Every structure is written in structure tokens, then in C-alpha cells.
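Given next are the chains, with one letter for each unit.
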Amino acid sequence: MISFSIIVAVDSKLGIGKNGVLPWHLPADLKHFKEITSSESSDKRRNVVVMGRKTWESIPEKFRPLANRLNVVISRQTHLILPAGVVQATSLEGALNFLCDTQRVPVGEVFVIGGAQIFAEAVNHPACEKIYVTRIEREFVCDTFFPDVLQQFTQVGQSEVLSDQGVAISFLKYQKKAS
Ligand SMILES: NC(=O)c1ccc[n+]([C@@H]2O[C@H](COP(=O)([O-])OP(=O)(O)OC[C@H]3O[C@@H](n4cnc5c(N)ncnc54)[C@H](OP(=O)(O)O)[C@@H]3O)[C@@H](O)[C@H]2O)c1
């Protein structure tokens, strides 16, 4: 089984989205997301971003697929139209099984990038090794949330607090607890 990381930005109440989109615009967080998910990605070994269909649709068309990464969209739909090169999987397990076949797709790191439905399954998956969290020190009255599971992981990194558009944010890293 291929292991994966989760990457998420949460507000002070673990909120992650509102009305189908991100309720904030935080350029420093977008830069961080791009750096983490693209690092070490190359033509020969591409990193992978796995996302739910609603998260895919929440990305503005001009920014999708996310560049230099293999984009995998999870959906049960049989007639979903995706651009060439974007892979559809019918479940998280299906996505991981597809990526295991490294002869077909030589993959680098795998990141599950949301949204709430996919995170809910991914946080309890045995192959989930790391969670990268952007902590936003403000409440945005969200309608979608990240599961309250971070205490089940070990915090292994924390950046200093920085101001992004006047909002205090910090980058944290969690690792699966040794069993
Ligand atoms: N703050 C963050 O870091 C962050 C990151 C990502 C997203 N978000 C936000 O989260 C919100 C979207 O989250 P969401 O929970 O509404 O949607 P989502 O998880 O992105 O997508 C849900 C869709 O994924 C498919 N799906 C989910 N579970 C499945 C399964 N077990 N098997 C097959 N398909 C499955 C279904 O697609 P079909 O209906 O096509 O079958 C479902 O409708 C947005 O507001 C977005 O901006 C925030």
C-alpha cells in the first residue's frame, strides 16, 4: 500500500470551507501548499494530489489541473468529464490502488488535499502518514470541517506565526503515532 500525506488549512474551529469554496484568500498559504505538494516532483516522478470532485470543481478553471502534479479526482459519477491527464478514481482506495501500479504511473509523494468528505476517510486510513496543517487564528463561520483527530497524531513541526493579509497563520506538521 502506498502511503500518503494530508494537507489542509483550518480556521480556529477546524473549518475548511464555506459554500463550496475556501472562505479566505491567503497567498502565503497558497504558496506553502504549492511548495509542499510540488517539492521533488519531476517529469519522471510526479507528485500526486488526490481530491474529491467538489474540491476539484472549487479550483478556478485557469488553475486546474494543479500544475506539475498528477491530479486524481474521486467521484462516483460515470460521466464526469475531466481534462486529459487527470485521473478519475471511484474511491480513495481505488486512487491508492491505481497509484500503487508504479509502472503505469511513476509517482512521487501522494497528497490528499480535501475536501471534508475525503478527509473524513483519509484521516483514519492506515496509509495516512503525515498531516500538514495551516492553522488560521480566526473563525470564518465555515460549513465544512476537518475531523477533530489531530490529538491522535504527533506534532513534529511548527513554524513561527506569520501575518497573511492581516490574518495570523502558522504551519504545523503531524506524524502518525508510532504503534
Ligand atoms: N481548507 C482546506 O484545506 C480545503 C481543502 C480542500 C477543500 N476545501 C473545501 O472543502 C469543501 C469541499 O468539501 P466537500 O466535503 O463538500 O467535498 P469533497 O470531499 O471535495 O468532494 C465530495 C465528492 O467526492 C466524491 N466522493 C466523496 N467520497 C467518496 C467515496 N467514498 N467514493 C466515491 N466518491 C466519493 C463525491 O463525488 P460525486 O458526487 O461526483 O460522486 C462527493 O460528492 C469546499 O468548500 C472546499 O473549498 C478546503
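Residues numbered from 1 in each chain as written. Predicted model: local features only at pLDDT ≥ 70, side-chain atom pairs only at ≥ 80, totals over all residues. Heavy atoms only, no water.

**Focus: helix α1 (residues 27-38)**
Our working definition: In DSSP terms, a helix is any run of H or I states spanning at least four residues, a strand is any run of E spanning at least two, and both are numbered starting from the N terminus. Expected helix span is taken as 1.5 Å per residue step, with the number of steps being one fewer than the number of residues. Categorising residues by exposure relies on relative accessible area from a 1.4 Å probe, with only protein chains included: less than 20% of the type maximum marks a residue as buried, more than 50% marks it as exposed, and the intermediate range marks it as partly exposed.
Between its first and last C-alpha, α1 extends 16 Å over 12 residues, near the 16 Å set by a 1.5 Å rise per residue. For α1, the complete set of buried residues consists of Asp29, His32, Ile36, Thr37 and Ser38. In the stretch just after α1, Glu40 is the one whose phi turns positive, near 70°.

**Side note on the packing of aromatic side chains**
The line we're drawing: Centres within 6.5 Å are what make two rings of Phe, Tyr or Trp a pair, Trp counting through its six-membered ring; a difference in plane orientation under 30 degrees is then read as stacked, over 60 as edge-to-face, and the rest as tilted.
The full count for this structure, using the stated rule, is three aromatic pairs. Ring centres 5.2 Å apart and planes at 70° place the aromatic pair Trp24 and Phe140 in the edge-to-face group. With Trp24 in the loop between β2 (15-17) and α1 and Phe140 in the loop between β7 (128-136) and β8 (144-145), this pair connects stretches of sequence that are 116 residues apart. Phe140 carries the same exposure label as Trp24, and that label is buried. With a centroid separation of 5.1 Å and 75° between ring planes, the pair formed by Phe119 and Phe146 is classed as edge-to-face. Taken together, the residues Phe119 in helix α4 (residues 116-122) and Phe146 in the loop between β8 and β9 (153-158) connect sequence positions 27 residues apart. For the residue pair Phe119 and Phe146, the accessibility class agrees, reading buried in each case.

**A short note on the site of the ligand**
Note the cut-off: Only heavy atoms are used to decide nearness, and a residue is near a molecule or strand if one of them lies within 4 Å of it. Distance and chemistry together define a polar contact, namely a pair of N or O atoms within 3.5 Å, with one atom able to donate a hydrogen and the other to accept it when in protein, and with adjacent residues in sequence counting only for side-chain atoms on both sides. What sets the accessible areas is the Shrake-Rupley method with a 1.4 Å probe; for residues, cover comes only from the shown protein chains.
Not every one of the 27 residues close to the ligand is listed here, only the nearest: Arg53, Thr55, Ser75, Gln77 and Thr90. Taking Arg76, its main chain carries an N or O atom lying 2.8 Å from an oxygen atom of the ligand. Gln77 is positioned such that a nitrogen or oxygen atom in its side chain is 2.8 Å from an oxygen atom of the ligand. Protein contacts shield 88% of the accessible area of the ligand, which totals 920 Å² for the unbound molecule. For the shell around the ligand, the elements supplying multiple residues, two or more each, are β1 (4-10), β2, α2 (53-58) and α4. The greatest single-element share of the shell around the ligand, amounting to four residues, is contributed by α4.

**A closer look at the nonpolar core**
What counts, and what does not: Here the nonpolar core consists of buried residues drawn from Ala, Val, Leu, Ile, Met, Phe, Trp, Tyr and Cys, with membership extended through side-chain atoms lying within 4.5 Å. Contacts between residues were defined by any pair of non-hydrogen atoms, one from each residue, lying within 4.5 Å.
Grouped together as the largest cluster of nonpolar side chains are 36 residues, with contacts concentrated most on Ile6, Val50, Ile131 and Phe146. Tallying contributions element by element places helix α3 (residues 92-100) first for this core, with five residues. Beyond its immediate stretch of four places on either side in the chain, Ile131 contacts Ile6, Val8, Phe146, Leu150, Phe153, Leu172, Lys173 and Tyr174. The next biggest cluster of nonpolar side chains, apart from the first, holds 14 residues, and it includes Val49, Leu66, Phe111 and Tyr132.

**Considerations on the side chain of Asn71**
Turning to its location among the elements, Asn71 is positioned in strand β4 (residues 69-74). Separated by 2.8 Å, the side chain of Asn71 and the backbone oxygen of Arg69 make a polar contact. Excluding residues within four positions of it along the chain, Asn71 makes contact with Val49, Met51, Trp56, Pro65, Leu66, Gly85, Val86 and Val87.

**Some remarks on the pairing of β7**
Within a regular strand, the side chains alternate between the two sheet faces. Applied cut-off: Any two strands with at least two DSSP-identified bridges between them are counted as paired.
β7 sits mainly inside the fold: seven of its nine residues count as buried. Note: β1 against β7, seven bridges, orientation parallel. Bridge pairing in β7 places Val8 opposite Val133. Pairing analysis gives seven bridges linking β7 to strand β11 (residues 167-176), with the strands arranged antiparallel. The residue bridging Ile136 from the neighbouring strand is Ile169, located in β11.

**A look at the pattern of salt bridges**
Working definition: two side chains of opposite charge can pair if their charged atoms are close together. So the rule is basically this: When a carboxyl oxygen of Asp or Glu is within 4 Å of a side-chain nitrogen of Lys or Arg, the pair counts as a salt bridge.
Going through the model one piece at a time under the given rule, you end up with five salt bridges. Between Glu35 and Lys31 there is a salt bridge whose closest N-O contact spans 3.3 Å. Taken together, the residues span about one helical turn, with Glu35 and Lys31 both in helix α1 at a distance of four residues. For Arg53, the salt bridge identified is with Glu57, shortest N-O distance 3.0 Å. Of this pair, Arg53 and Glu57 both sit in helix α2, four residues apart, roughly one helical turn.

That's the geometry; what it means functionally is another story.
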